[in-house]
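One-letter residues, chain by chain:
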Amino acid sequence: MIEHTQRLPFVMRATTPIAWRNDRAIATKLMGFAATELGSSLDMLRAAERTDDARLRRLYFRHGLDEARHAQRFRDAAKRVHPEAAEQTRAHEKLHARRMDLHEQLGELPFVAFVHSAEARAKAQFEVLEAHFASHDRAELATLFREIGKDEQRHVAYSGAILDGWRAAGRGAEVDRALRQVRLRAAWQGWRRAGRRIGDVMVRVLLILLFVAVLPLFALIQRCARRRDEIGWRHSGTQSFGSQSLGSQSLGSQSSPSSLDELRRQS
Amino acid sequence: MKVLGLSAFFHDSAAALLVDGQVIAAAQEERWSRLKADASLPLEAARFCVTEAGVSFDDLDWIVFHEKPLRKFERLVTSALDVFPRGMSQFVQSMGLWLGQRLWTKSNIARALDVDPDRILFSDHHRSHAASAFFSSPFERAAVLTADGVGERTTSAIYRAVTDAHGSRLELVKELGFPHSMGLFYSALTAYLGFEVNDGEYKVMGLAPFGDPTRHLPALARICHIHDDGALTLDLRYFSFHRHPTRSFTRRLESLLGPARAPGSALDPRDGRDGQRFADIAAALQRLCERWVMAAAAEARRVTGEDNLCMAGGVALNSVANGKLAAAGPFHEVFVQPAAGDAGGALGAAQLVSHVALGLPRAPPMRDALLGSAESQVEVARFLDDCRIRHETFASDAERDQAIAERLARGEVGGLFQDRMEWGPRALGARSIIADPRSAAMGERVNRKIKFREQFRPFAPAALPDEVERFFVRAPRPDHLSPFMLSVVPVSDAGRATLGAVTHVDGSARVQTVDPAASPRFAALIEAFRARTGVGVLLNTSMNLKGEPICRTAAEAYGVFDRSDLDFLVLERCLVTKSTHQRHSGELS
Amino acid sequence: MTLRSTPTTLAPRKPRRRLGLGARLSTLRELMRHFAGTGRWWLVPMMTIFMLSAALLVIISIVEYAAPFVYTLF
């Protein structure tokens, strides 16, 4: 499931040629999809562990296996399309292939509502991408999105069936509320992501300013005060705690036994 | 007394719990988060540890973090000032991280675990390493050598460790300071060879035997000068790990050794061109690392006068160097704890508090590394039934082992999930992929279709003790390393003739000795294979796919089975085979 | 040795909100004392400037609904 994709199909169709403009971009996007699928897989498997319902355990588990398989397929496709770009974005994947513990955060019913909504969005997105690559003579990629899209369709179907079952059991209002909250939550997450990006930029700017404006003076002072670097082993000798004077040029390690007092210190 | 140790924020975070000095549980966070070498605060691993002990975080007496954050911060700041005006990207990245999060480790831990901050302690990084090795060892006294990238400021240290009637003591004798570090040198060259740092070092070790070390050894020895007393001096013109967040070597290194390898690019060490060059560099690097380990160990022997050596820190995971040290080094006995990297700091910090600060008696030495989570036969069966996975259940381990042995002898490759999960990076028969070790083709198949690894990477054998004597060449000294698969030894002539899948190109192997007293179930399985084939050795590799951590749960093990070419999967006493394995289609209803 | 009598995965209790301000302030004090103690006195004013910058970021980040800022850059 692609949680972060909020665009309607017609917007997707408009942006797809730009977002997927060349092999490098394709490989990067595919790795991003792999990361998201992996994150989803982790969430589904965790949900399978947490739920008390045996039927849901099976469904979540199978869904999680599917997502893991999708992640692998996206990764393999990315490597085939542009190995270097795929390798370069692998580290990026580590940051984004994270479990969000949605089942724990939301509870059972809202979790299923979330899954249903997210899978529907993913299905729509993959349909657009299938059509795009089919029309651009990239049969392999078109097939990839078609086959994964079929899995997403099954995920939509089973989650929808569960929600319908709850509706039939008299929990219709709860289901509708959960589906509404999914949309609100998605919007809030989008807002937070935007805020995070802005914040990242501001932090970076501030630190660059500090580097340029504040560090020079202190670097100069340190240069003037610095003694020649000692090469080789430093002997611990009989240094006691806290004897960190410049003369001793201690590396900060203690030779005395580790007492609780010493262990309380962070320095 | 309940002491929880935590390591985090560099790589491979972990938690370990000691109750009255006994190790109850220890595990790496990556096994829960499923993010390889996860460095974030190990909340799930910590939660597992306290649950395993039947307590909560509130019940803990002490929580100890494995290093002194403010000392580390000081080093980062002074280092930034030293290299100024260079190093802006390093400064921006590290200051952002530290000002925002890592300086506040104490309050972050207090908030995350919901505990009183006054119960949070801070050990020293290398002292945590040293403690993890000594207190897990069978020694009453020993020299301890630690070596890694860098802790707060220390890159390597020598301690004298003693347990006697007065209690336990860990006395620092001498240390090496940043940036002169064998760990960072090895990692920089790992990056040069196109592998991921803190993950690719094993690959470099596997690549080295394909190369000729003499070609590049003089050049490397010039830029990494090893003193007679085991000290180290790096020529920093060739490295940039101290001033760049991602690039650890400079263009000068490429002028010296040739262009670096692009990450992910194909590598054939026998191509006679770049592949051979990289193998030669790996060989020289490995040779230099071994030289340093020997020299540092000699210095440790000289300054401590001890007969036993414990080692810890990432460099202690270099099992090739360990094997040579154990066989021919200055110490009579050598011990390395299985999670010798940063994860082990969690255990060591807890042991330091328990045995040194609180004076609690030591636990028995670590015999197996099975300190993680487990799933019982009942839990496994319930998972398989709930998920409608067809399986066969055996009434006993003996029956199960016979069936497995039969399949292995037929050339099948299987996953083995049993007991508590291993502590440390190696799979030791609890979360393993196993196969017949006798043919080289088997090794190729496992590499290509199951692990999806580079073809030059070898597999390791797990052998019964008497088979170790038969198939491998071991020095006539007590062996504390091979039970944890931490030393590489030569394969005997009988071994080379018999064990094609697990003998590396240079005739060596990283053997695991499976002692029936320490690992009864795994030993019994290997015994069953011996009864069937006459060979009491199995190919043993970890149960994970490329880029993923070792599996923790039965469900994750099934995921590995589902996405690879494994023929069968053993979950405790249940057996799933590819013939009974159902694809999911139609199941989602 | 296992003392476990409960399932491996225990549902976490929702933590009481500890702001950790006291711990942060004591960390700050210890940091400054440490720098002063090493003899590198110039680190104290430098860190003061850094800390004021960090405080600025903390204040902004508390207003999460406006623009949640995260400190970790990577």
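Structure: see above.
Within each chain, residue numbers correspond to sequence positions counted from 1 in written order. Chain labels run from A onward and ligand labels from 1 onward, assigned in the order the entries are written. It should be noted that, the model being predicted, local features are given only for residues of pLDDT at least 70 and side-chain atom pairs only at 80 or more, the latter also being counted only at that level, while totals for whole chains, interfaces and linings use all residues. Each side-chain value is derived from all of the structure's non-hydrogen atoms; neither hydrogens nor water enter the calculation.

1. Comments concerning the nonpolar core
Residues and elements named next belong to chain B.
Argument step 1. The criterion is simple. A nonpolar core is a set of buried Ala, Val, Leu, Ile, Met, Phe, Trp, Tyr and Cys residues joined through side-chain atoms within 4.5 Å. The rule is simple: take the accessible area with a 1.4 Å probe, protein chains only, and divide by the maximum for that residue type; under 20% is buried, over 50% is exposed, in between is partly exposed. Membership of the largest hydrophobic core comes to 113 residues, with the highest contact counts inside it found for Phe185, Trp292 and Trp423.
Argument step 2. When residues in this core are grouped by element, the largest group, 15 residues, is from helix α11 (residues 274–304).
Argument step 3. Other than its neighbours up to four places away in sequence, Phe185 contacts Leu220, Ile223, Cys224, Leu234, Phe239, Leu285 and Leu288. We count a stretch as a helix when DSSP gives it H or I for four or more residues in a row; a strand needs E for two or more, and each element gets its number in order from the N terminus. Any two residues having at least one pair of non-hydrogen atoms within 4.5 Å are treated as being in contact.

2. A word on unusual backbone geometry
Excluding glycine, most residues fall at negative phi; most peptide bonds, likewise, are trans.
Argument step 1. Across the junction of Phe84 of chain B and Pro85 of chain B, the peptide omega takes the value 10°, indicating a cis bond.
Argument step 2. Assignment of secondary structure puts Pro85 of chain B in the loop between α3 (69–83) and α4 (88–100).
Argument step 3. The linkage connecting Phe178 of chain B with the following residue, Pro179 of chain B, adopts the cis geometry, with an omega of 5°.
Argument step 4. Of note, the phi angle at Asp137 of chain A is positive, near 65°, even though the residue is not glycine.
Argument step 5. One can find Asp137 of chain A in the loop between α7 (108–135) and α8 (139–213).
Argument step 6. Residues other than glycine seldom take positive phi values, yet Met485 of chain B does so here, at roughly 60°.

3. Considering the sheet that holds strand β15 (residues 431–435) of chain B
Residues and elements named next belong to chain B.
Argument step 1. Two strands are said to pair when DSSP picks up at least two bridges between them. Strand order in the open sheet formed by 8 strands is β13-β22-β21-β14-β15-β20-β16-β19, with mixed pairing between adjacent strands. Bordering the open sheet on either side are β13 (392–393) and β19 (512–513), each of which pairs with just one other strand.
Argument step 2. Where β13 meets strand β22 (residues 574–577), 2 bridges bridge the pair, whose relative direction is antiparallel. Note that in β22 the partner of Thr393 across the bridge is Cys574.
Argument step 3. To get an axis, fit a line to the C-alpha atoms, keeping to the stretch in contact for a helix; angles then go from 0 to 180 degrees between the N-to-C directions. Set on the sheet, helix α15 (residues 397–409) makes contact with β14 (414–417), β15, β20 (537–542), β21 (568–571) and β22; between it and β21 the angle comes to about 160°.
Argument step 4. Of the strands in this sheet, β14, β21 and β22 are in contact with helix α20 (residues 554–562), which crosses β21 at around 170°.

4. Side note on the sheet that holds strand β7 (residues 154–164) of chain B
Argument step 1. If you walk across this open sheet you meet the 6 strands as β1(A)-β8(B)-β7(B)-β6(B)-β11(B)-β12(B), and the pairing is mixed. Each edge of the open sheet is held by one strand with a lone partner, namely β1 (234–235) of chain A together with β12 (333–336) of chain B.
Argument step 2. Here helix α6 (residues 125–134) of chain B sits on the sheet and contacts β6 (141–147), β7, β8 (167–177), β11 (308–312) and β12 of chain B; the angle it forms with β7 of chain B, its principal contact strand, is near 45°.

5. A closer look at the interface of chain B and chain A
Argument step 1. Every contact between the two is made by 84 residues of chain B and, on the other side, 59 residues of chain A.
Argument step 2. Each of two parts loses accessible area, computed with a 1.4 Å probe, when they are put together; buried area is these two losses added. Counting the surface lost from both chain B and chain A, the interface buries some 6600 Å², and carbon and sulfur atoms represent 58% of this.
Argument step 3. Salt bridges are identified by distance alone: a Lys or Arg side-chain nitrogen within 4 Å of an Asp or Glu carboxyl oxygen. At the boundary of chain B with chain A, the tally comes to 7 salt bridges.
Argument step 4. Notably, a salt bridge pairs Arg57 of chain A with Asp386 of chain B, separated by 2.2 Å at the nearest N-O pair.
Argument step 5. Polar contacts, as used here, are pairs of N or O atoms within 3.5 Å; protein pairs need one atom able to donate a hydrogen and one able to accept it. Residues neighboring in sequence count only if both atoms are side-chain atoms. Linking chain B with chain A are 19 residue pairs in polar contact (both at pLDDT 80 or more), by the criterion used here.
Argument step 6. Basically, the charged four are Asp, Glu, Lys and Arg, the nonpolar ten are Ala, Val, Leu, Ile, Met, Phe, Trp, Tyr, Cys and Pro, and anything else, Gly included, counts as polar. Classifying every residue of the side of chain B that touches chain A by side-chain character gives 37 nonpolar, 20 polar and 27 charged.
Argument step 7. Across 2 bridges, β1 of chain A lies against β8 of chain B in antiparallel orientation.

6. Here we look at the packing of helix α2 (residues 23–50) of chain A against helix α3 (residues 54–81) of chain A
Residue and element names in this part refer to chain A.
Argument step 1. Remark: α2 packs on α3, axes separated minimally by 7 Å, with the N-to-C direction vectors making an angle of 160°. In terms of orientation, α2 lies roughly antiparallel with respect to α3. The chirality of how α2 crosses α3 is left-handed.
Argument step 2. Here the residues of the contact of α2 with α3 are counted per class, giving 19 nonpolar, 5 polar and 5 charged. Just so you know how the angles are binned, under 35 degrees is roughly parallel, over 145 roughly antiparallel, 65 to 115 roughly perpendicular, and the rest oblique. Here a crossing is called left-handed whenever its near helix is offset anticlockwise from the far helix by less than a right angle, and right-handed whenever the offset is clockwise.

7. Points about the environment of Arg146 of chain A
Residues and elements named next belong to chain A.
Argument step 1. Structurally, the position occupied by Arg146 is in helix α8.
Argument step 2. For Arg146, a relative accessible area of 35% gives the class partly exposed.
Argument step 3. Note: C-alpha distance between Arg146 and Val128 (18 residues apart in sequence) is 9.8 Å.

8. Concerning the pattern of salt bridges
Argument step 1. Under the counting rule described, the total for this entry stands at 59 salt bridges over all chains.
Argument step 2. A salt bridge links Glu127 of chain A to Lys123 of chain A; the nearest nitrogen and oxygen atoms lie 3.4 Å apart. Taken together, the positions of Glu127 of chain A and Lys123 of chain A, both in helix α7 and 4 residues apart, correspond to about one turn of that helix.
Argument step 3. Taking the relative accessible area as the measure of exposure, Glu127 of chain A reaches 44% and is therefore partly exposed.
Argument step 4. Judged by its relative accessible area of 22%, Lys123 of chain A is partly exposed.
Argument step 5. Salt-bridge contacts for Glu299 of chain B lead to Lys174 of chain B; the nearest nitrogen and oxygen are separated by 2.5 Å. Residue Glu299 of chain B is located in helix α11, and its partner Lys174 of chain B is located in strand β8; the two are separated by 125 residues in the primary sequence. Across this residue pair, the class does not change: Glu299 of chain B and Lys174 of chain B are buried.
Argument step 6. Residues participating in the shared-partner salt-bridge network are Arg46, Glu49, Arg99 and Asp101 of chain A together with Glu44 and Arg552 of chain B.

9. Topic: the environment of Glu44 of chain B
Argument step 1. Tracing the chain through its elements places Glu44 of chain B in helix α2 (residues 43–52).
Argument step 2. Along the sequence, Glu44 of chain B and Arg31 of chain B sit 13 residues apart, while their C-alpha atoms lie 9.2 Å from each other.
Argument step 3. Apart from the residues within four sequence positions on either side, Glu44 of chain B is in contact with Arg46 and Arg99 of chain A together with Glu29 and Trp32 of chain B.

10. Re the packing of aromatic side chains
All names here are of chain A.
Argument step 1. We call Phe, Tyr and Trp rings a pair once their centres come within 6.5 Å, taking the six-membered ring for Trp, and we label the pair stacked below 30 degrees between planes, edge-to-face above 60, and tilted otherwise. Throughout the structure, instances matching the rule amount to 32 aromatic pairs over all chains.
Argument step 2. Both rings, one in Phe74 and one in Phe145, keep their centres 5.7 Å apart while their planes meet at 45°; by these two values the pair is tilted. A residue pair is termed long-range when its members are at least 10 positions apart, and Phe74 in helix α3 and Phe145 in helix α8 qualify at 71 residues. Neither Phe74 nor Phe145 differs from the other in exposure class; each is buried.

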